[in-house]
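As a plain string of letters, each chain reads:
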Amino acid sequence: QVQLTESGGGLVQEGDSLRLSCVGSGRTFGRYDMGWFRQTPGKGREFVAAIDWRGPRIKYAESVKGRFTIARAAGEKLLYLDIDNLKAEDTAMYYCVHMGADAATILTHPQAYAYWGQGTQVTVSS
């Protein structure tokens with residue numbers, strides 16, 4: 001079992017930067033892929049970024065490449081998402097996710113991730 005708790009969201013202005021953090025617990029937290037999804041009202045959960053547990057593989061959604069950076073500190077059970085140059089369309093609830101099982105490649109559909117946090121809201125005003 002893995003428990004995830006996000007923090008760092010808030011109300012910001014366009015062009016600002018933000019760091020989202022995810023604290024994890026559970027015996028297998030340091031293993032398996034982790035990532036971030038986001039969701040706005042009336043829409044499905046959108047893949048943002050993911051990183052495998054070994055560190056070298058990272059994948060980003062095309063819409064956030066160049067502005068979002070994902071990183072993890074497994075020894076400290078922490079996952080981060082740094083967001084630069086925030087845009088109004090980044091407004092969403094952001095969820096930290098953990099796969100809970102091994103995978104040959106980084107997956108981008110929400111059903112691949114067994115564990116989800118409660119989410120942290122990011123609101124970008126224009």
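Here, every reference points to the structure presented above.
Computed from a prediction, not measured in an experiment: that's the story for all the values here. (Residues numbered from 1 in each chain as written. Predicted model: local features only at pLDDT ≥ 70, side-chain atom pairs only at ≥ 80, totals over all residues. Heavy atoms only, no water.)

Participant: I'd love a proper account of the sheet that holds strand S1 (residues 3-7), names of residues and values included.
Facilitator: Taken together, the four strands give an open sheet; going across it, the order is S1-S3-S8-S7, and neighbouring strands pair in antiparallel fashion. Because the sheet does not close on itself, it has two edges, and the strands there are S1 and strand S7 (68-73). Strand-to-strand twist of the sheet, defined as the mean angle between neighbouring strand axes without regard to direction, takes the value 15 degrees. Relative to strand S8 (residues 78-83), S7 runs antiparallel, the two sharing six bridges. When the bridges of S8 are listed, Ala 71 appears paired with Tyr 80. (Pairing = 2+ DSSP bridges. Helix = DSSP H or I, 4+ residues; strand = E, 2+ residues; numbered from the N terminus. Axes fitted to C-alpha atoms, helices over the stretch in contact; angles between N-to-C directions.)

Participant: Report on the packing of aromatic side chains, specifying residues and quantitative values.
Facilitator: All chains considered together, the criterion is met by four aromatic pairs. When the centroid spacing of 5.5 Å and the interplanar angle of 70 degrees are considered together, the rings of Phe 37 and Tyr 113 count as edge-to-face. Taken together, the residues span a long stretch of sequence, with Phe 37 in strand S4 (residues 34-39) and Tyr 113 in the loop between strand S9 (92-98) and strand S10 (115-116) at a distance of 76 residues. Across this residue pair, the class does not change: Phe 37 and Tyr 113 are buried. A ring pair is formed by Phe 37 and Trp 116, whose centres lie 5.1 Å apart and whose planes are at 45 degrees; its orientation type is tilted. Of the two residues, Phe 37 sits in strand S4 while Trp 116 sits in strand S10, which places them 79 residues apart along the sequence. (Phe/Tyr/Trp six-rings, centres within 6.5 Å; stacked < 30°, edge-to-face > 60°. Buried < 20%, exposed > 50% of the residue type's maximum accessible area, 1.4 Å probe, protein only.)

Participant: Go over the state of the cysteines with me, naming the residues and quoting the values.
Facilitator: Per the stated rule, a full pass over the model turns up one disulfide. Covalent S-S linkage joins Cys 22 and Cys 96, the inter-sulfur distance amounting to 2.1 Å. Here the disulfide of Cys 22 and Cys 96 is left-handed, its torsion about the S-S bond being about -75 degrees. Of this pair, Cys 22 sits in strand S3 (residues 18-25) while Cys 96 sits in strand S9, placing them 74 residues apart in sequence. Judged by its relative accessible area of 0%, Cys 22 falls in the buried class. The class of Cys 96 is buried, set by a relative accessible area of 0%. (Disulfide = S-S within 2.5 Å.)

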